[in-house]
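Report on the structure
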Amino acid sequence: EELLFRHAMSLDDLCEPLSAPAHTLGLVFALNVRASALAQAGASPLASTFVQRCRLLLLHADRAQLVFAPLEFSRLCAKFLTFALPQPSGALLAVRPLLAAAAALAPTPNHITPVHALALQAAIQAKTY
């Protein structure tokens with residue numbers, strides 16, 4: 001993880017060729033580091049690329065890989081929402097990926113995860129209840 005932090009600003013090049021279903025676990029760690037670097041740098045123009053990459057990951061995350069890093073995945077979902085909300089229609093565009101992420105993270109359909117709260121927050125802010 002320390003190595004990722006040293007090269008945080010070049011992680012976009014690393015993430016681009018990776019597909020979400022096949023590389024879910026690696027993308028979770030790489031995008032978490034990227035989000036931390038963006039928050040420290042205050043780089044808002046780069047936030048849209050981060051949001052797009054996260055959106056694809058959340059929509060197509062592999063449940064079998066998520067069992068190895070559920071906490072990191074939940075943190076990534078929170079960072080995704082933080083970066084998505086300031087963008088135009090960000091809350092609306094965040095609802096579906098967060099619902100998909102919550103379903104992927106839950107061990108059964110009857111479980112509620114912290115990501116469900118994030119999805120609810122996005123839905124309320126987007127006024128899509």
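Let me begin by describing the structure that accompanies this report. (Residues numbered from 1 in each chain as written. Predicted model: local features only at pLDDT ≥ 70, side-chain atom pairs only at ≥ 80, totals over all residues. Heavy atoms only, no water.)

1. Here's the deal with the packing of helix H3 (residues 24-41) against helix H6 (residues 70-84)
- At their nearest, the axes of H3 and H6 sit 9 Å apart, and the two run at 40 degrees to each other. In terms of orientation, H3 and H6 fall into the oblique class. Our pair here, H3 against H6, has a crossing hand that is left-handed. Packed against H3, whose contacting residues are Val 28, Phe 29, Leu 31, Asn 32, Ala 35, Ser 36, Leu 38 and Ala 39, the element H6 presents Glu 72, Phe 73, Arg 75, Leu 76, Lys 79 and Phe 83 at the interface.
- For the contact of H3 with H6, the residue count by class is nine nonpolar, two polar and three charged. (Axes fitted to C-alpha atoms, helices over the stretch in contact; angles between N-to-C directions. Helix = DSSP H or I, 4+ residues; strand = E, 2+ residues; numbered from the N terminus. Parallel < 35°, antiparallel > 145°, perpendicular 65-115°, else oblique. Left-handed = near helix turned anticlockwise from the far one by under 90°. Contact = heavy atoms within 4.5 Å. Nonpolar A, V, L, I, M, F, W, Y, C, P; charged D, E, K, R; others polar.)

2. Remarks on the side chain of Thr 24
- Take Thr 24: it is sitting in helix H3.
- Accessibility expressed as a relative area gives 0% for Thr 24, which makes it buried.
- A polar contact of 3.0 Å, which involves the side chain of Thr 24, links it to the backbone nitrogen of Asp 62.
- Apart from the residues within four sequence positions on either side, Thr 24 is in contact with Leu 57, His 60, Ala 61, Asp 62, Gln 65 and Leu 66. (Buried < 20%, exposed > 50% of the residue type's maximum accessible area, 1.4 Å probe, protein only. Polar contact = N/O pair within 3.5 Å; in protein donor to acceptor, adjacent residues only side chain to side chain.)

3. Here we look at the side chain of Asn 32
- Note that Asn 32 resides in helix H3.
- Look at Asn 32 and you get buried, because its relative accessible area is 9%.
- In this structure Asn 32 touches Glu 72, Arg 75, Leu 76 and Lys 79, once residues within four positions along its chain are discounted.

4. Details of the packing of aromatic side chains
- Summed over the entire model, instances satisfying the criterion amount to one aromatic pair.
- Ring centres of Phe 50 and Phe 83 lie 5.1 Å apart, and the angle between their planes is 65 degrees; on these two criteria the pair is classed as edge-to-face. Taken together, the positions of Phe 50 in helix H4 (residues 47-60) and Phe 83 in helix H6 put the pair 33 residues apart, joining distant regions of the chain.
- Exposure remark for Phe 50: the relative accessible area of 1% places this residue in the buried category. (Phe/Tyr/Trp six-rings, centres within 6.5 Å; stacked < 30°, edge-to-face > 60°.)

5. A closer look at the packing of H6 against helix H7 (residues 90-105)
- With their axes 10 Å apart at the nearest point, H6 and H7 run at an angle of 170 degrees to one another. Here H7 runs roughly antiparallel to H6, going by the angle between their axes. Contact residues: H6 offers Pro 70, Phe 73, Ser 74, Cys 77, Phe 80, Leu 81 and Ala 84, while H7 offers Gly 90, Ala 91, Ala 94, Pro 97, Leu 98, Ala 101 and Leu 105.
- Residues of the contact of H6 with H7, tallied by class, amount to 12 nonpolar, two polar and no charged.

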